[in-house]
Amino acid sequence: MTIPEDFKTRLKIAKSKIKKEVQDLDEKKGSFMGNAFKLGTELVAAVAVGTIIGFILDSWFDTKPWLIIIFFFLGAAAGILNVIRAAKRMQKED
Amino acid sequence: MASNPMQQFTVHKIGPEIKIAGIDLSFTNASLFMVISASVILLFLFLGSKEKKIIPNKIQLIAEMFYTFVAKMISDTAGSKAKPYFPFIFSLFMFVLFCNMVGMLPYSFTVTSHIIVTLIMALFIFIAVTIIGFLKHGFKYLSIFVPSGVPAVLLPLITVIEIISYLSRPVSLSVRLFANMMAGHTMLKVFGGFVVSLGVLGGWLPLSFSVALTGLEILVAFLQAYVFAILTCIYLNDALNLHH
């Protein structure tokens, strides 16, 4: 009595497993664009933060425009560092 | 119909104006869709955990899949020490995911397409992670700004760069989610506008693009929730396990 019922549920679970594997593959394909976005924002955010810090320090110490220039480049360096780290993390994931 | 593709992002009040100590706390459409997302999550998890069967039905299967997905993500990226933070990361992931997904429904409002919402979430994570780091390691936590094996001459420069890199975390976390959601929804609206203006003869091409973009947007909605949660795990990992 219980055997066909049991078989049905097992079939259902096996089918959903196959479906999930196919879905995982699809997600991997889509994640390339996500990765590209991730690296872009990582770079831009650090530059923006560096520039803002420079701007704030400039208005504190009244040294316009030197600190904003210095911190812009420091922010760019931090952004490149972030991108390298994110890329390393991606390689580790694969 | 609205032809301005940015009009979908306007926040307007629902019901009476509430002002407490000079701060506008009125109920808006953004608050409404946050409440809707939260209630959908609660309903979904309630139904998923109502009948605890050994052989799960569909909704229980999905709920369990979400649970194992987040649990695996935390143990993979932040290790066993991050176990106590599971409830927080699970709620964060579910909230971002459902806000994104509810936003995909026609006539709805995407809460996560507003920088203020994502920035507050990111700042909360950033401050919480910093506090956790200081609680766990004391002032030794500051050593994440000083990488090992750097010549003494370069140390001040590297430390400043590291501090900027640390401070840029909430910005990149929030801007990524906000920009993805806003760009996607604007694009959908623009293609929708093309369908209307090109009419029956030429409207089929943008319509097919619109359909494809909707699929892409659902993928992006999931992906961004995943990225948001996994980056929280990575930041938590930095705070829990120094010099990893």
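Residues numbered from 1 in each chain as written. Chains lettered and ligands numbered in written order. Predicted model: local features only at pLDDT ≥ 70, side-chain atom pairs only at ≥ 80, totals over all residues.

(A) Summary view of the overall build of chain B. When helices and strands are counted, chain B shows 6 helices and 2 strands. The N-to-C order of helical and strand elements in chain B reads β-β-α-α-α-α-α-α. Principal axes of the C-alpha set define a box for chain B whose edges measure 70 × 55 × 45 Å. Within the span of chain B, comprising 244 residues, buried residues form 28% of the whole. Of the contacts made within chain B by residues no fewer than 6 positions apart, 63% connect residues no fewer than 24 positions apart. (Helix = DSSP H or I, 4+ residues; strand = E, 2+ residues; numbered from the N terminus. Buried ≥ 20, exposed ≤ 12 C-beta atoms within 10 Å, placed from the backbone. Contact = placed C-beta atoms within 7 Å.)

(B) Up close: the overall build of chain A. For chain A, the count of helices and strands is 2 helices and 0 strands. When the 94 residues of chain A are sorted by exposure, 19% land in the buried category.

(C) Layout of the nonpolar core. If you look at the biggest cluster of nonpolar residues, it comprises 54 residues, and the most contacted ones within it are Phe 93, Phe 228, Ala 229 and Cys 233 of chain B. Secondary structure elements with two or more residues in this core: helix 1 (2-61) and helix 2 (66-93) of chain A together with helix 1 (29-50), helix 2 (58-78), helix 3 (86-103), helix 4 (115-137), helix 5 (155-202) and helix 6 (204-240) of chain B. Considering each element in turn, this core owes the most residues, 13 residues, to helix 6 of chain B. Aside from chain neighbours lying at most four places away, what touches Phe 93 of chain B is Val 70, Ala 225 and Ala 229 of chain B. (Core = buried A, V, L, I, M, F, W, Y, C linked by C-beta atoms within 7 Å.)

(D) Quick look at the packing of helix 1 of chain B against helix 2 of chain B. All names here are of chain B. Helix 2 packs onto helix 1 with a crossing angle of 110 degrees between their chain directions and a minimal axis gap of 8 Å. Relative to helix 2, helix 1 is oriented roughly perpendicular. Considering only the axes of helix 1 and helix 2, their crossing is left-handed. From helix 1, Phe 44, Leu 45, Leu 47, Gly 48 and Ser 49 reach across to helix 2, where they touch Ile 59, Gln 60, Ile 62 and Ala 63. Looking at the contact of helix 1 with helix 2, its residues break down into 6 nonpolar, 3 polar and no charged. (Axes fitted to C-alpha atoms, helices over the stretch in contact; angles between N-to-C directions. Parallel < 35°, antiparallel > 145°, perpendicular 65-115°, else oblique. Left-handed = near helix turned anticlockwise from the far one by under 90°. Nonpolar A, V, L, I, M, F, W, Y, C, P; charged D, E, K, R; others polar.)

(E) The environment of Asn 35 of chain A, seen in detail. All names here are of chain A. Counting through the fold element by element, Asn 35 comes out in helix 1. With 15 C-beta atoms counted inside 10 Å, the residue Asn 35 sits in the partly exposed group. The spacing of Asn 35 and Ile 53 is 18 residues in sequence and 27 Å in space, taken between C-alpha atoms.

(F) How the structure looks around the interface of chain B and chain A. Chain B puts 15 residues into the contact, and the matching count from chain A is 20 residues. Sort the elements by how many residues they give to the side of chain B that touches chain A and helix 5 of chain B lands first, with 11 residues. For the side of chain B that touches chain A, the class distribution of residues is 10 nonpolar, 4 polar and 1 charged.

(G) Spotlight on the confidence of the model for chain B. Averaged over every residue, the pLDDT of chain B is 87; the share at 70 or more is 98%. With a pTM of 0.81, the predicted complex shows an ipTM of 0.72. (pLDDT = per-residue confidence, 0-100.)

(H) Highlighting unusual backbone geometry. Cis geometry is adopted by the peptide bond preceding Pro 65 of chain A, which originates at Lys 64 of chain A and carries an omega value of -5 degrees. Secondary-structure assignment places Pro 65 of chain A in the loop between helix 1 and helix 2. Here the phi dihedral of Tyr 107 of chain B falls at roughly 70 degrees; this positive angle occurs in a residue that is not glycine. Mapping Tyr 107 of chain B onto the fold places it in the loop between helix 3 and helix 4. Given 5 C-beta atoms within a 10 Å radius, Tyr 107 of chain B is considered exposed.

(I) The arrangement of the environment of Leu 154 of chain B in detail. Residues and elements named next belong to chain B. Relative to the assigned elements, Leu 154 resides in the loop between helix 4 and helix 5. Leu 154 gets classed as exposed once you count the C-beta atoms within 10 Å, which come to 10. Taking C-alpha positions, Leu 154 is 59 Å from Pro 16, a pair spaced 138 residues apart along the chain.

(J) Structural detail: helix 3 of chain B. Between its first and last C-alpha, helix 3 of chain B extends 25 Å over 18 residues, near the 26 Å set by a 1.5 Å rise per residue. In the core, the buried residues of helix 3 of chain B are packed alongside helix 1, helix 2, helix 5 and helix 6 of chain B. (Expected span 1.5 Å × (residues − 1).)

(K) Quick look at the packing of helix 4 of chain B against helix 6 of chain B. Residues and elements named next belong to chain B. Taken N-terminus to C-terminus, the directions of helix 4 and helix 6 make an angle of 20 degrees; their axes are 8 Å apart at the nearest point. Judged by the angle between their axes, helix 4 and helix 6 are roughly parallel. Once helix 4 is placed against helix 6, the crossing between them reads as right-handed. Counted together, Ile 125, Val 129, Ile 132, Gly 133 and Lys 136 of helix 4 and Thr 232, Tyr 235, Leu 236, Ala 239 and Leu 240 of helix 6 form the full contact between these two elements.

(L) View of the environment of Pro 156 of chain B. Tracing the chain through its elements places Pro 156 of chain B in helix 5. Considering only alpha carbons, one finds Pro 156 of chain B and Val 146 of chain B, 10 residues apart in sequence, at a separation of 8.9 Å.

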